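Residue-level listing of the chains:
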Amino acid sequence: MGVLPVPAEVRAILLDIEGTTTPIAFVQETLFPYIKNNVKEYLRAHWEEEECQQDVGLLRKQAQEDSSLDGAVPIPLESGSGEEELEQVIQAVVDNVHWQMSLDRKTTALKQLQGHMWRAAYATGHVKGEIFEDVVPAIRKWREAGMKVYIYSSGSIEAQKLLFGYSTEGDILELFDGHFDTKIGPKVESESYRRIAASIGCATNNILFLTDVPREADAAEEADTHVAVVIRPGNAGLTDDEKSYYSLISSFTELFLPSST
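Residues numbered from 1 in each chain as written. Predicted model: local features only at pLDDT ≥ 70, side-chain atom pairs only at ≥ 80, totals over all residues. Heavy atoms only, no water.

## Re the overall build of the protein
Tallying secondary structure elements over the protein gives 9 helices and 8 strands in all. Projected onto its principal axes, the C-alpha coordinates of the protein cover approximately 70 × 40 × 35 Å. Out of the 261 residues in the protein, the part that is buried amounts to 49%. Sequence separation of at least 24 residues holds for 69% of the intrachain contacts in the protein that already meet a minimum separation of 6. When the accessible area of the protein is evaluated, it comes to approximately 12,800 Å², of which 49% is carbon and sulfur surface. Looking at the protein, you have 23 positive and 42 negative side-chain charges, and the mean spots of the two groups are 4 Å apart. (Helix = DSSP H or I, 4+ residues; strand = E, 2+ residues; numbered from the N terminus. Buried < 20%, exposed > 50% of the residue type's maximum accessible area, 1.4 Å probe, protein only. Contact = heavy atoms within 4.5 Å. Areas by Shrake-Rupley, 256 points an atom, 1.4 Å probe, with all protein chains shown as cover. Lys, Arg positive; Asp, Glu negative; His and termini not counted. Charge placed at Lys NZ, Arg CZ, Asp CG, Glu CD.)

Put into structure tokens, the structure is as follows:
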């Protein structure tokens, strides 16, 4: 793949996380299994706390909206009739979370509970965010050259900050000028990239977006954003047409920034 020159008009680099800064395996084999394996214990430990009750309330509301879906798991209200009933309600929440995750759903209710669980896991050292070794040195060089660096991920901004705040490279949050999640819009819609540019205060063609997902690359290109597709171990393969069409990199070190003089 060699060296990829960054267009001279680029002022900001926008980074995907999964498959770009971070191995897909970390998300699939560490983060999500942690939720599945620990959700019951977490709920039991935090049930009386206001934050946990808010999470359960959101999940219950989502369950009502999902009631017509095949396999949906309702979450009953508590009547306060004792430990046995509480265990039944907690089990219903667990079953609902497992059902949503089995369908790879990204509901706000599910993401909020996951974010709070991951916060506890990172803070206690049970989980550390994995970062490819080329990422931090490259970002430092970009920033020294005057580039702004932003994150855009389907994971919540809170989850993003946890991953980079408790990473295998230490707390590297200072490397980023801002974070975006799907509240700004879906990553496969071009309008999202226009909103990000407006939020940053630049034109879409002042941004270079790095992602491993062709559909996201297409949406960004449609908004006149520069794009490079990242090839990492464990990422989904590209077709021959995709390989010939997109600018490809396998490491952030392959980006060549124009002289800032």
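Now, onward.
## Things to note about the sheet that holds strand 5 (residues 207-211)
Where strands meet in a sheet, backbone hydrogen bonds hold them as pairs that are either parallel or antiparallel. The strand order across the open sheet built from 6 strands is 4-3-2-5-6-7, with neighbouring strands paired in parallel fashion. Each edge of the open sheet is held by one strand with a lone partner, namely strand 4 (178-180) and strand 7 (248-249). (Pairing = 2+ DSSP bridges.)

## Quick word on helix 1 (residues 24-46)
At Asn-38, helix 1 shows its largest kink, close to 60 degrees. The complete set of buried residues in helix 1 reads Ile-24, Phe-26, Val-27, Leu-31, Tyr-34, Ile-35, Asn-38, Val-39, Tyr-42 and Leu-43. On its buried side, helix 1 packs onto helix 2 (50-65), helix 3 (83-102), helix 4 (108-123) and helix 6 (157-165). (Bend = angle between axes of the 7 residues up to and from the residue.)

## Things to note about the domain arrangement of the protein
Split by domain assignment, the protein resolves into domain 1 (4-22 + 129-256) and domain 2 (28-124). Each of domain 1 and domain 2 was reduced to a C-alpha centroid, and the two centroids are 31 Å apart. Of the residues lining the interface, 10 residues belong to domain 1; the matching set on domain 2 comes to 10 residues. The largest per-residue losses of area from domain 1 upon contact with domain 2 belong to Glu-158, Leu-162 and Tyr-166, which jointly make up 48% of the total buried on that side. Where domain 1 touches domain 2, the interface holds 1 salt bridge. For Glu-158, the salt bridge goes to Arg-119, with nearest N and O atoms at 3.4 Å. Connecting domain 1 to domain 2 are 3 residue pairs in polar contact (both at pLDDT 80 or more). In the side of domain 1 that touches domain 2, the residues fall into 4 nonpolar, 3 polar and 3 charged. (Domains from an automatic or database assignment. Buried area = accessible area lost by both parts, 1.4 Å probe. Salt bridge = Lys/Arg side-chain N within 4 Å of Asp/Glu carboxyl O. Polar contact = N/O pair within 3.5 Å; in protein donor to acceptor, adjacent residues only side chain to side chain. Nonpolar A, V, L, I, M, F, W, Y, C, P; charged D, E, K, R; others polar.)

## Topic: the environment of Trp-47
For Trp-47, the position within the fold is in the loop between helix 1 and helix 2. What makes Trp-47 buried here is its relative accessible area of 3%. Put simply, Trp-47 and Leu-86 are 39 residues apart on the chain and 9.6 Å apart in space, counted from C-alpha to C-alpha. Ignoring any residue separated from it by four or fewer positions in sequence, one finds Trp-47 in contact with Cys-52, Gln-53, Val-56, Glu-78, Leu-86, Val-89, Ile-90 and Val-93.

## Some details on the pattern of salt bridges
Counting across every chain of the model gives 12 salt bridges. We note a salt bridge from Arg-232 to Asp-134, for which the minimum N-O separation is 2.8 Å. Residue Arg-232 is found in the loop between strand 6 (226-230) and helix 9 (240-245), and its partner Asp-134 is found in the loop between helix 4 and helix 5 (135-144); the two are separated by 98 residues along the sequence. Residue class for Asp-134 comes out buried when judged on its relative accessible area of 12%. Sharing partners across several salt bridges, the network here consists of Asp-16, Lys-187 and Glu-216.

## So, the layout of surface pockets
In this structure, the largest pocket occupies an estimated 880 Å³ of space. At the level of secondary structure, the elements contributing two or more residues to the lining of the largest pocket comprise helix 1, helix 4, helix 6 and helix 8 (214-222). When residues in the lining of the largest pocket are grouped by element, the largest group, 7 residues, is from helix 1. Taken together, the residues of the lining of the largest pocket break down into 15 nonpolar, 9 polar and 11 charged. (1 Å grid on protein atoms, 1.4 Å probe; cavity = no way out; pocket = protein on both sides within 12 Å on 5 of 7 lines; lining within 4 Å. Points joined across faces, edges and corners; volume = space filled by probe spheres on them.)

## Section: the packing of helix 2 against helix 4
Two elements in contact, helix 2 and helix 4, have axes whose closest approach is 8 Å; the angle formed by their N-to-C orientations is 155 degrees. The angle between the axes of helix 2 and helix 4 places the two elements in the roughly antiparallel class. The hand of the helix 2/helix 4 crossing is left-handed. Contacts between helix 2 and helix 4 involve Glu-51, Gln-54, Asp-55, Leu-58, Leu-59 and Gln-62 from the former and Ala-109, Leu-110, Gln-112, Leu-113, His-116 and Arg-119 from the latter. Tallied by class, the residues present in the contact of helix 2 with helix 4 amount to 5 nonpolar, 4 polar and 3 charged. (Axes fitted to C-alpha atoms, helices over the stretch in contact; angles between N-to-C directions. Parallel < 35°, antiparallel > 145°, perpendicular 65-115°, else oblique. Left-handed = near helix turned anticlockwise from the far one by under 90°.)

## What to know about the nonpolar core
Grouped together as the largest cluster of nonpolar side chains are 60 residues, with contacts concentrated most on Leu-15, Leu-43, Val-97, Trp-142, Phe-176 and Leu-210. If one sorts the elements of this core by residue count, helix 1 sits on top with 8 residues. Of the residues that make up this core, three or more belong to each of domain 1 (4-22 + 129-256) and domain 2 (28-124). Beyond its immediate sequence surroundings of up to four residues, Trp-142 is in contact with Ile-13, Leu-15, Met-147, Val-149, Leu-210, Phe-252, Leu-255 and Leu-257. (Core = buried A, V, L, I, M, F, W, Y, C linked by side-chain atoms within 4.5 Å.)

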